[in-house]
There are 2 protein chains.
Amino acid sequence: MSAVVGVDLGGSKIALGLVNAENAILSRRRIDTEAAAGLDSVITRISAQVASLRRELPKGQDIAAVGVGAPGPVDPIHGDLLTLVNLPGISNTPFRRALSQRLGVPVALDHDAKVAALGEFHFGAGKKRDSMIYIVIGTGVGAAIIYQGRLLYGESNTAGESGHMTVDPNGHLCHCGSRGCLEAYASGPALSRHYATATGETIDGAQVAERARAGDVTALQTLAEAGRALGIAVASLAMTLNIELFVIGGSVAQADALLLNPARATLPGYAFKTVAERVQVRASQLGEDGAILGAAWLARARGKLS
Amino acid sequence: MSAVVGVDLGGSKIALGLVNAENAILSRRRIDTEAAAGLDSVITRISAQVASLRRELPKGQDIAAVGVGAPGPVDPIHGDLLTLVNLPGISNTPFRRALSQRLGVPVALDHDAKVAALGEFHFGAGKKRDSMIYIVIGTGVGAAIIYQGRLLYGESNTAGESGHMTVDPNGHLCHCGSRGCLEAYASGPALSRHYATATGETIDGAQVAERARAGDVTALQTLAEAGRALGIAVASLAMTLNIELFVIGGSVAQADALLLNPARATLPGYAFKTVAERVQVRASQLGEDGAILGAAWLARARGKLS
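What this report covers is the structure whose coordinates are included nearby. (Residues numbered from 1 in each chain as written. Chains lettered and ligands numbered in written order. Predicted model: local features only at pLDDT ≥ 70, side-chain atom pairs only at ≥ 80, totals over all residues. Heavy atoms only, no water.)

### So, the interface of chain A and chain B
Turning to step 1, where the next piece is worked out: Counting residues at the interface gives 45 residues for chain A, matched by 45 residues for chain B.
Turning to step 2, where the next piece is worked out: Summed over the shared surface of chain A and chain B, the number is zero salt bridges.
Turning to step 3, where the next piece is worked out: At the boundary of chain A and chain B, one finds 34 residue pairs in polar contact (both at pLDDT 80 or more).
Turning to step 4, where the next piece is worked out: Looking at the side of chain A that touches chain B, the elements with two or more residues in it are strand S7 (141-147), helix H7 (217-241) and helix H9 (273-278) of chain A. (Contact = heavy atoms within 4.5 Å. Salt bridge = Lys/Arg side-chain N within 4 Å of Asp/Glu carboxyl O. Polar contact = N/O pair within 3.5 Å; in protein donor to acceptor, adjacent residues only side chain to side chain. Helix = DSSP H or I, 4+ residues; strand = E, 2+ residues; numbered from the N terminus.)

What follows is the structure, given as structure tokens:
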């Protein structure tokens, strides 16, 4: 098996990794997305980084394919971008085909949460498991459901919007317009907002996690409320889907036990005892590498030429 | 294709139907379950009814298989009963094999909500659809998820316990011990309890529906509260699974628009606009025949000899 390149295309940053046949990341790159510059510019800059990674391979070796995880719904059949909510400059464009044509290698594309889930499922916290729900908590909250080894997409490719499950119908208003979504409790901006409401001080979600680790009681309470919301959502998902492994990733998940322990403690109050006992809520093992390794897995499994 | 027999094995009644190759029910039987009499007795009485249905076929024709829907989790691989919560006399017994040996024809067995869902999916409200969530509302609330034509079972065969999704974490206590389960709002006993709390008068769920149809304001409010809980659960399921057809069956579902309209009205407040617009919440088309036709479908698809 040849090497492949995994690309994590984010709203502000693009991370790339050269991945060998043993699924080790040999080399990395990180550049700004600059989505406002438009599709051609993003493709040109990704291509330059892929070319640079290619040159690191021993003479005679080449990459077999490129995989990309991107924000927003992606059509898994055609693998073209449908809507990139956070990348207005390159929305609704045949991104995968354009990149494949530029590079002359097969390219596979999928939604970023699904790609990170594939990484954790094949190489991280979900290794050797049959099914897994990956919940990514950052600026937003998204999920990817792997059932018997296969990602679920749903009828219009929007499966996994579990950040907008209702955890309290009378709870906080979510920016999506609904009330009491998981995202209105557990996302970075939600942590920031709730901390500011309690203290008058505005810091971001990562800083709330940092202060909680340092013993700040309000920060701990903010994370505990987020964890409780996460636990309620996990309980409802476990009751409905009977999937037993939940892997929590994303920047807020770095709060780790301060977020996950309240979630674990909430679970038995909202699920059958027999279900709650089997459910494991784990932090992602691969962190940001999950997206690169998942994209690399996707490249091998689904990479298509132009 | 030969005829088959579909069996709806309930906690108090057993309904059987002789189903021809065109999936029409030619003849029906209905007997008491008398689960307390034990497995042998139940099998003997089912066998007598199957024999009686067989005799109705023209000379030279016979049934090809028998399908059974039963309460409680069923192992879909072996098709034997795991736990029949409401049938203590015949719990944890190799029911399918015993019945197949007695009848000398292949028998297939699955969970009652799943079997009724198969009926609606193949012959009723879900005909020609790709995916469907069936929610049965009666003494309890259960669900069956059909994704791309296949039932989801989960890792321990308990998928579909969506009656115990949390619709309000501070809401009514459910008999399962959790708080705010859908079942604590929408089941027959929940309707009865909430009506009694408001009026001091104890009537069952079907009677609440009847009074609502006659214009009783408290009964209407009780159903509206149940419908709102249903709408919240449907919204969360639709966001997570992106399945767009919800079929509501079971005795309480006979309240129809008085239950389903409040659910439909609640949906947009708890799901993305784009998702809510695509979701259809429909009453089951087949009523009690759904279980018989689903069991007949199961018999053809999965019937196994002893």
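### A look at the pattern of salt bridges
Residues and elements named next belong to chain A.
Turning to step 1, where the next piece is worked out: According to the stated counting rule, one finds 20 salt bridges over all chains in the structure shown.
Turning to step 2, where the next piece is worked out: Between Lys 13 and Asp 32 there is a salt bridge, with the nearest N and O atoms lying 2.6 Å from each other. Of this pair, Lys 13 sits in strand S2 (residues 13-19) while Asp 32 is found in strand S3 (residues 25-32), placing the two residues 19 residues apart along the sequence.
Turning to step 3, where the next piece is worked out: What makes Lys 13 partly exposed here is its relative accessible area of 36%. (Buried < 20%, exposed > 50% of the residue type's maximum accessible area, 1.4 Å probe, protein only.)

### What to know about the relation of the copies chain A and chain B
Turning to step 1, where the next piece is worked out: Superposing chain A onto chain B takes a rotation of 180° plus a shift of 0.0 Å along the axis, which leaves an RMSD of 0.1 Å. As the rotation angle and translation indicate, the two copies are arranged about a two-fold axis. Considering only C-alpha atoms, the residue of chain A closest to the rotation axis is Asp 168 of chain A, which sits at 2.7 Å.
Turning to step 2, where the next piece is worked out: The overlap is high: 100% of the interface residues of chain A also sit at the interface in chain B, so the same surface is used on both sides. (Least-squares fit on C-alpha atoms with pLDDT ≥ 70 in both.)

### As for helix H6 (residues 205-213) of chain A
All names here are of chain A.
Turning to step 1, where the next piece is worked out: For H6, the full list of buried residues reads Gly 205, Val 208, Ala 209 and Ala 212. In a view along the axis of H6, the buried residues occupy a sector of 100°, so they form one face of it. In H6, the exposed positions angled more than 90 degrees off the buried face are occupied by Glu 210 and Arg 213.
Turning to step 2, where the next piece is worked out: Buried residues belonging to H6 abut helix H5 (188-199), H7 and helix H8 (257-266).
Turning to step 3, where the next piece is worked out: Gly 215 sits one or two positions beyond H6 and adopts a positive phi of about 100°. (Arc of directions from axis to C-beta.)

### Quick look at the pairing of strand S1 (residues 3-9) of chain A
Looking along a regular strand, one sees side chains alternate from face to face of the sheet.
All names here are of chain A.
Turning to step 1, where the next piece is worked out: Of all seven residues making up S1, six are buried, and the element is well covered by its neighbours.
Turning to step 2, where the next piece is worked out: Examined bridge by bridge, S1 and strand S4 (residues 63-70) share five bridges and lie parallel to one another. Pairing of Asp 8 across the sheet is with Gly 69, part of S4.
Turning to step 3, where the next piece is worked out: Across six bridges, the pairing between S1 and S2 is antiparallel. Among the inter-strand pairings, Val 4 is bridged to a residue of S2, identified as Val 19.
Turning to step 4, where the next piece is worked out: Here S1 folds back onto S2, and the loop between the two strands holds three residues. (Pairing = 2+ DSSP bridges.)

### Some thoughts on the sheet that holds strand S3 (residues 25-32) of chain B
Residue and element names in this part refer to chain B.
Turning to step 1, where the next piece is worked out: Here five strands make up an open sheet; going across it, the order is S3-S2-S1-S4-S5 and the pairing mixed. Only two strands of the sheet have a single neighbouring strand rather than two, namely S3 and strand S5 (107-111). For this sheet, the mean angle separating the axes of adjacent strands, direction not counted, is 15°.
Turning to step 2, where the next piece is worked out: Two elements, strand S4 (residues 63-70) and S5, share five bridges in a ladder whose sense is parallel. From the neighbouring strand, Val 68 faces S5, where its bridge partner is Leu 109.
Turning to step 3, where the next piece is worked out: Contacting strand S1 (3-9), strand S2 (13-19), S3, S4 and S5, helix H10 (residues 289-302) runs over the sheet at an angle of about 125° to S1. (Axes fitted to C-alpha atoms, helices over the stretch in contact; angles between N-to-C directions.)

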